[in-house]
Amino acid sequence: MKREVMESLHQQETVRQQIIAFLKEGPATALDISQHVHISEKEVYEHLTHVKKSVASRGETLRIHPAECLKCGFVFKERKRFRTPGRCPVCKFTHLRKPSYEIARG
Ligand SMILES: [Zn+2]
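Only a predicted model underlies this, so the values are computations on that prediction, with no experimental measurement involved.

Colleague: Looking at this structure, how should I read the overall build of the protein?
Modeller: A tally of regular secondary structure across the protein gives three helices and five strands. Seen in sequence order, the protein has helices and strands lined up from the N terminus as α-β-α-α-β-β-β-β. In terms of overall dimensions, the protein has C-alpha extents of about 50 × 30 × 20 Å along its principal axes. Taking all 106 residues of the protein together, the buried fraction comes to 33%. When the accessible surface of the protein is summed, it comes to about 7100 Å², and 52% of that surface belongs to carbon and sulfur atoms. Charge separation in the protein, taken as the distance between the mean sites of 20 positive and 12 negative side-chain charges, equals 8 Å.

Below you can see the structure in the form of structure tokens.
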């Protein structure tokens, strides 16, 4: 493998470990994570997919606290993807509490 590729992979792994450590401290949104590890929110979502698998192999769970409508209280439980929804399907309100993530044992 090329040296640059190796370094890039190492960097990705380091970022992932930082995200895992951060989420063990308590719930954080994608924005919190992006600011903590200095990557874009888009990259955070990509990492979360791997973080989920990575912690699962160690008997831990990536808990997702789903997005919630701040007007009618609708909870986006059905949402399988990590990305934040744009608006509430019930009342069309666009002010939503962003989902947050946390790593817990079991
Ligand atoms: Zn709503």
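Colleague: Even after reading the chapter, I still don't get the nonpolar core, so can you show me in this structure?
Modeller: If you look at soluble globular proteins, the nonpolar side chains tend to sit buried side by side. Grouped together as the largest cluster of nonpolar side chains are 18 residues, with contacts concentrated most on I19, L23, I33, L48, L62, Y101 and I103. Put simply, the parts of the chain that give this core at least two residues each are helix 1 (3–24), helix 2 (30–37), helix 3 (41–56) and strand 5 (100–105). When neighbours within four sequence positions are excluded, I103 is seen to be in contact with I20, L23, K24, V51, V55, E60, T61 and L62. Counting residues in hydrophobic clusters, the runner-up holds five residues, among them A67, C69, F76 and C88.

Colleague: Help me out: how do you make sense of helix 3 in this one?
Modeller: Each α-helix turn comprises 3.6 residues. Residues three or four places apart therefore point the same way. For helix 3, built from 16 residues, the straight-helix expectation of 22 Å at 1.5 Å per residue is met to within 8% by its first-to-last C-alpha distance of 22 Å. Residues of helix 3 that are buried: V44, Y45, H47, L48, V51 and V55. Residues of helix 3 that are buried sit in contact with helix 1, helix 2, strand 2 (60–65) and strand 5.

Calculation criteria
Residues numbered from 1 in each chain as written. Predicted model: local features only at pLDDT ≥ 70, side-chain atom pairs only at ≥ 80, totals over all residues. Heavy atoms only, no water. Helix = DSSP H or I, 4+ residues; strand = E, 2+ residues; numbered from the N terminus. Buried < 20%, exposed > 50% of the residue type's maximum accessible area, 1.4 Å probe, protein only. Areas by Shrake-Rupley, 256 points an atom, 1.4 Å probe, with all protein chains shown as cover. Lys, Arg positive; Asp, Glu negative; His and termini not counted. Charge placed at Lys NZ, Arg CZ, Asp CG, Glu CD. Core = buried A, V, L, I, M, F, W, Y, C linked by side-chain atoms within 4.5 Å. Contact = heavy atoms within 4.5 Å. Expected span 1.5 Å × (residues − 1).

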